[in-house]
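Residues per chain, in single letters:
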Amino acid sequence: MTAPGVDEGVRPKRVVVERRLHPVTPFRRAWAPVAVVVGWAAHDPNQAQEQLTRLTATTLLIVLAVVVSAASLYGFLSWWFTHFAVTDSELRIRTGLLFRRTAHIRLQRLQAVDITRPLLARIAGVAKLRLDVVGADKKDELAFLGESEARALRAELLARAAGFAPETAHEVGEAPARELLRVPPRELAVALILTGATWGALAAALVVPPFLWLATHSVWTVLATGVPLLGAAGASSAGRFVGEYDWTVGESPDGMRIDHGLLDRTHETVPPGRVQTVRIVEPLLWRRRGWVRVELDVAGSANSVLVPVAPRALAEAVIARVLPGTEVPATAALSRPPRRAGRCLPLWWRGYGIAVTDTVFVARHGLLRRSVALVPHAKVQSVRLTQGPWKRLWRLADVHVDTGADKTVTARLRDVQEAVELLHGQAERSRTGRRDARSDQWMA
C-alpha cells in the first residue's frame, strides 16, 4: 500500500548530507604558512640570518605570534571550507579557500579504497582514506577521518561500487576477510639481509664518499653524495622493513586485503579482475631457502607488492586466489630459446623462457635474479613482434605482450617461426579470454 499522491514507480530522492573532516585536520593543514617561511629561509639562508639578527626579542615574538596565528587561521579555514558527501552516483569532495575545487568521483569507477594511518594519526585516532579511480593518475583522499568513520565510509563506498542500493549500502558493512598469509618479522629481516640491492647500496655509501674526499677534499661534495647514498641504503633495508612489517594478505568479496606497516599502518585492497600482471621474483640468495617475492601490475593503481617474501608453495597458493584457475608452470616446463640465441646474448640467453597455459602467458628472464611474469590472456591489450638486423641474421625475434597497466612482458630470442605462431596464437587467446572473462564488478 502506498501513500496518497506518491507514484510507487518513483523512488523518493535521497537527501544528500555534506560532512566535514575530523576536527584534528586543521593541525595538519596549518603547516602550509610555516612551510613557506622555512622555504624562504632555505632558499636564501644568508639573508634570512641577517634579518633575524636585526630583530629584537620583542619583534621576534611578535613575528612568531603572527606566523602561528596565520597558520592556525589557514588550517581552520581550509578545514571549514572542505566538505564531502556521498550521492546516488558519486562521491563529491569540495575544497578550496580562495579557489574552489569540486571533485566528482563516480562510484562505478572506483577500483580501490585504501585506509592509511600514519604514526601521528594513529596516536590521534584518525585515518586517511585514499581513493583509486579508473583513469586518474593521482589519488584523491580524505584526510583525516575518525578511524570508525573511515572504515564505515570505506565499506559504504565498496558496497555502492558493487551495485548495492544507496538505501542499503551503509547497512552492508565491511565484508569479512579470510587470512591467507602473514609474513613473520624475522623472515622479512633475513630476506632483506639476503637481498643484493641492500648490500650494493650500503657498499656504495661506504666506498664512494672516501674516494670523493681523496679526489676533491670538499666536505660539501662528500655530503652531497654520501647523504643520498646513505638514504638509499636505509630505504632498501630499514625503510622496507618498516614499510613491509607485519604484512598480511587476506581474501574478501571486495578483493585481496593487504595490511602492513610498523609506524604507518596501511590497509589496501587489490580489486578482483583488475590485476594485469603477476611477477614472481626470486633473488639469488633466496633460492636455498625457497623464498620468492610476488609483485603486481594493477590498472590505474599504485599497488605493486602482493607478498614481500614467502615460501614458493605458499606464494603460489595466494597467486591462485588472485588469478583463479592459474597454476604457475614449473621451471622445467618453460621453453628456452634455441642455442643460436647465444650469438645475440652470450650466457644470459639461458635465463629466458616462455610457457602458455589455458589462462596465462608466462615469460621468464634473469639468471641471478629470476623473474617470472604471468599475464592473463584477457588482460592482453596488444601483441607485437620485433626483430633487429642481428636477430634477423640468426632467425630470432621478440614477442611483446602489452597490458592495460602500460606494462610490457617480452618473450625474447624466440625462433622466427615460433614467434610468428606465438603472435597469432596469443592474439586469438586474448580475444577469447576477454569474451569469457568474469565481471570486474566487486562482490559480483
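Further up the page is the structure itself.
What counts, and where the lines are drawn
Residues numbered from 1 in each chain as written. Predicted model: local features only at pLDDT ≥ 70, side-chain atom pairs only at ≥ 80, totals over all residues. Heavy atoms only, no water. Helix = DSSP H or I, 4+ residues; strand = E, 2+ residues; numbered from the N terminus. Contact = heavy atoms within 4.5 Å. Buried < 20%, exposed > 50% of the residue type's maximum accessible area, 1.4 Å probe, protein only. Pairing = 2+ DSSP bridges. Axes fitted to C-alpha atoms, helices over the stretch in contact; angles between N-to-C directions. Parallel < 35°, antiparallel > 145°, perpendicular 65-115°, else oblique. Left-handed = near helix turned anticlockwise from the far one by under 90°. Nonpolar A, V, L, I, M, F, W, Y, C, P; charged D, E, K, R; others polar. Core = buried A, V, L, I, M, F, W, Y, C linked by side-chain atoms within 4.5 Å.

## Describing the environment of V322
Piece 1. Inspection of the secondary structure puts V322 in helix α11 (residues 312-322).
Piece 2. Note: C-alpha distance between V322 and P271 (51 residues apart in sequence) is 9.3 Å.
Piece 3. With near-sequence residues (within four places) excluded, V322 lies in contact with M256, V275 and L306.

## So, the pairing of strand β5 (residues 126-133)
Piece 1. For β5, a buried count of 7 out of 8 residues is recorded, marking the element as mostly surrounded by other parts of the structure.
Piece 2. In terms of strand pairing, β5 meets strand β6 (residues 140-146) through 6 bridges, oriented antiparallel. Its bridge partner lying in β6, L129 is registered against L142.

## Side note on unusual backbone geometry
With glycine set apart, most residues show a phi of negative sign, and most peptide bonds adopt trans.
Piece 1. Note that the residue after A143, namely F144, is joined by a cis bond; omega there is 10°.
Piece 2. With respect to the helices and strands, the residue F144 is situated in strand β6.
Piece 3. We note that D246 has phi near 55°; this positive angle belongs to a residue other than glycine.
Piece 4. For D246, the position within the fold is in the loop between α10 (219-244) and β8 (248-252).
Piece 5. Judged by its relative accessible area of 23%, D246 is partly exposed.
Piece 6. A positive phi angle, close to 65°, is found at L347, a residue other than glycine.
Piece 7. Among the structural elements, L347 can be located in the loop between α11 and β14 (353-356).

## A closer look at the packing of helix α8 (residues 185-193) against α10
Piece 1. Relative orientation of the contacting elements α8 and α10 amounts to 155°, with a least axis distance of 10 Å. Here α8 is positioned roughly antiparallel relative to α10, judged by the angle of their axes. As α8 packs across α10, the resulting crossing turns out to be right-handed. Judged by residue contacts, P185, L188, A189 and L192 of α8 engage S236, S237, R240, F241 and E244 from α10.
Piece 2. Of the residues in the contact of α8 with α10, the class split is 5 nonpolar, 2 polar and 2 charged.

## Observations concerning the nonpolar core
Piece 1. Ranked by internal contacts, the top residues of the largest apolar core, which has 37 residues, are V249, V275, L306, V307 and V318.
Piece 2. Once residues lying within four places of it in the same chain are set aside, the contact partners of V249 are R178, E179, L180, L181, M256, R257, L306, V307 and V318.

## As for the sheet that holds strand β16 (residues 370-376)
Piece 1. Spatially, β13-β12-β11-β16-β15-β14 is the arrangement adopted by the 6 strands of the open sheet, whose pairing is antiparallel. If you trace the sheet from one side to the other, it starts and ends with β13 (305-311) and β14, each paired once. Neighbour to neighbour, the strand axes of the sheet diverge by 15° on average, direction disregarded.
Piece 2. Two strands pair when backbone bridges link them, and strand β15 (residues 360-365) and β16 are joined in this way by 6 bridges, in the antiparallel orientation. Bridging across to β16, A363 finds its partner in A373.
Piece 3. The strands touched by helix α13 (residues 416-436) within the sheet are β14 and β15, with β14 carrying the most contacts at an inclination of about 40°.

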